[in-house]
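Below are the chains, spelled out letter by letter.
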Amino acid sequence: MNLLIENSQTDLAYQKAILSSVSRTFALTIPLLPPIIEKVVGNTYLLCRIVDTIEDAAELTPEAKKNLSALFLDVVLERAPVESFVEPCLDALKNYSNHDELDLIDHTPTVLRILHTCSSHDQGAVSRCVSIMSEGMSRFHGRQTEAGLKDLSEFEDYCYVVAGVVGELLTSIFRHYSPQFSKNIQGHENLAIAFGQALQMTNILKDSPEDRARGVSWKPANLSQLDLLQIAYQKLSDSLTYILLIPKEEVGMRRFCLLAFGLAVLTLDKLAAGDHFERQEDIKLSRNTVWLFYGFTKIAAGSNGLIKSFFYLWGSPLRKLKAKQ
């Protein structure tokens, strides 16, 4: 028994360490959650990160990406042994430059062991999320072109399979542990999708200079930057409503969502107020800005008024764009 506990603690220590290596943002937000939720959300992020790593590997063909994604899904759903994915994936990515992400893939067995210590409800929610993301992203493997996605419908579909489904996962987990939130969100489940999509749209706009440099665009070809900022503003408005449905006493859940939401607002505010950006570094928020907002969430999480005021003030450039529609 002691050995099992020790192994479990070692696994969780790895999860925490690798999370900070592969994502500074989520390493900041996820620990805000209550411990039992932190474990499963952190675990889900790492599983999704593996899917993203396959997606981001420029040296792989669309067919190779599709095959690796299918292998990974089989492993997550326990339809195949973990070795059937890890070894072929590491071999395919032998020239991949991000060593932290390669280390994560190498530790897929560790990540899955942690998943299997979660409740059956949470395991089911995670499996659904990874299934939709993996299968959904496989549909887009061959659509990484300089021209971008076809239209708004395809753009929103992409944002759903990459992030909207994560909003659904969070909602499933949150309502399982908070009866009051479960009651509040009843009939408003689509807000969870908007919350995830808003964050993904922000990432697409923020990363567009880097994507453009490698000949890729995830923007819809028939919409302008102004159009996309207006759409993102509406998604953020829905995200605000979503956050306010989380009970005030659920401080960790509120801060987790508020921090991700707030950083998206500040990023899009910068894009809306500024000129055309040529470099991703010009768009990124400074470390001081991130930490100042992190501190603000400690105060604002318990106040609907402060959260609304923040969005009103810092969303002003976005709101003005929306008024131009």
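Here, every reference points to the structure presented above.
Summary of the structure given here. The shown structure was predicted, so the numbers you read here are calculated from the model rather than taken from an experiment. (Residues numbered from 1 in each chain as written. Predicted model: local features only at pLDDT ≥ 70, side-chain atom pairs only at ≥ 80, totals over all residues. Heavy atoms only, no water.)

## With respect to the overall build of the chain
Inference 1: Counting secondary structure elements, the chain contains 16 helices and 0 strands.
Inference 2: The C-alpha radius of gyration computed for the chain amounts to 19 Å, which stays within 12% of the reference 20 Å derived for 325 residues, consistent with globular compactness.
Inference 3: Along the first, second and third principal axes, the C-alpha atoms of the chain reach 55 × 45 × 40 Å.
Inference 4: In the chain, which comprises 325 residues, the proportion classed as buried is 51%.
Inference 5: Partitioning the intrachain contacts of the chain with sequence separation of at least 6 by distance along the chain shows that 75% fall at a separation of at least 24.
Inference 6: Split by element, the accessible area of the chain, about 14800 Å² in all, is 53% carbon and sulfur.
Inference 7: Averaging the positions of the 33 positive and the 38 negative side-chain charges in the chain gives two centres separated by 8 Å. (Helix = DSSP H or I, 4+ residues; strand = E, 2+ residues; numbered from the N terminus. Rg over C-alpha atoms; globule rule 2.2 N^0.38 Å. Buried < 20%, exposed > 50% of the residue type's maximum accessible area, 1.4 Å probe, protein only. Contact = heavy atoms within 4.5 Å. Areas by Shrake-Rupley, 256 points an atom, 1.4 Å probe, with all protein chains shown as cover. Lys, Arg positive; Asp, Glu negative; His and termini not counted. Charge placed at Lys NZ, Arg CZ, Asp CG, Glu CD.)

## What about the pattern of salt bridges?
Inference 1: Evaluation of the coordinates by the stated rule reveals 9 salt bridges.
Inference 2: We note a salt bridge from Arg113 to Asp11, for which the minimum N-O separation is 2.9 Å. In this pair, Arg113 is assigned in helix H7 (residues 108–115) and Asp11 in helix H1 (residues 2–22), connecting sequence segments 102 residues apart.
Inference 3: Where Asp207 meets Lys206, a salt bridge forms, and the shortest distance between an N and an O atom there is 3.1 Å. Each member of the pair, Asp207 together with Lys206, is buried. (Salt bridge = Lys/Arg side-chain N within 4 Å of Asp/Glu carboxyl O.)

## Here's the deal with the packing of aromatic side chains
Inference 1: Using the criterion set out here, one finds 14 aromatic pairs in the structure.
Inference 2: Ring centres 5.0 Å apart and planes at 50° place the aromatic pair Phe72 and Phe85 in the tilted group. In this pair, Phe72 is assigned in helix H4 (residues 62–76) and Phe85 in helix H5 (residues 83–92), connecting sequence segments 13 residues apart. No difference in accessibility class separates Phe72 from Phe85, as the two residues are buried.
Inference 3: Taking 5.5 Å as the distance between ring centres and 40° as the angle between the ring planes, the aromatic pair formed by Phe293 and Phe296 counts as tilted. You can see Phe293 and its partner Phe296 sitting in helix H14 (residues 287–300), 3 residues apart, about one turn around the helix.
Inference 4: By relative accessible area, Phe293 is classed as buried at 5%.
Inference 5: By relative accessible area, which is 24% here, Phe296 ends up partly exposed.
Inference 6: An aromatic cluster is present here, built from Tyr233, Phe261, Phe293, Phe296, Phe310 and Phe311 joined pairwise through their rings.
Inference 7: Positioned above the aromatic ring of Tyr294, the side-chain terminus of Arg255 is 4.9 Å from the ring centre. (Phe/Tyr/Trp six-rings, centres within 6.5 Å; stacked < 30°, edge-to-face > 60°. Lys NZ or Arg CZ within 6 Å of the ring centre and 35° of its normal.)

## With respect to helix H11 (residues 190–213)
Inference 1: In this model, H11 (24 residues) spans 34 Å end to end at C-alpha, consistent with the 34 Å of a helix rising 1.5 Å per residue.
Inference 2: In H11, a bend of some 55° at Asp207 exceeds every other bend along the element, and Pro209, a proline, comes one to four places later.
Inference 3: Note on H11: the residue one or two positions beyond its end, Gly215, has a positive phi of about 75°. (Expected span 1.5 Å × (residues − 1). Bend = angle between axes of the 7 residues up to and from the residue.)

## Considering the state of the cysteines
Inference 1: Tallying each qualifying case throughout the model produces 0 disulfides.
Inference 2: The thiol of Cys159 is not disulfide-bonded; the next cysteine sulfur, from Cys129, is found 15 Å away. (Disulfide = S-S within 2.5 Å.)

## Examining the nonpolar core
Inference 1: Among the nonpolar cores identified, the biggest contains 103 residues, and Val41, Leu47, Phe85, Phe174, Tyr242 and Phe261 are the most heavily contacted of them.
Inference 2: When residues of this core are assigned to their parent elements, the largest contribution, 13 residues, is made by helix H13 (residues 251–273).
Inference 3: Aside from chain neighbours lying at most four places away, what touches Val41 is Ile30, Leu33, Leu170, Ile173 and Phe256. (Core = buried A, V, L, I, M, F, W, Y, C linked by side-chain atoms within 4.5 Å.)

## Quick word on unusual backbone geometry
Inference 1: In the Ramachandran plot, Glu78 falls in the positive-phi region, its phi being about 60° despite a non-glycine side chain.
Inference 2: Inspection of the secondary structure puts Glu78 in the loop between H4 and H5.
Inference 3: Under the relative-accessibility criterion, Glu78 is labelled exposed at 58%.

## A short note on the environment of Ile114
Inference 1: Note on placement: Ile114 falls in helix H7.
Inference 2: Judged by its relative accessible area of 3%, Ile114 falls in the buried class.
Inference 3: Through-space distance from the C-alpha of Ile114 to that of Gln15 is 8.6 Å; in sequence the pair is 99 residues apart.

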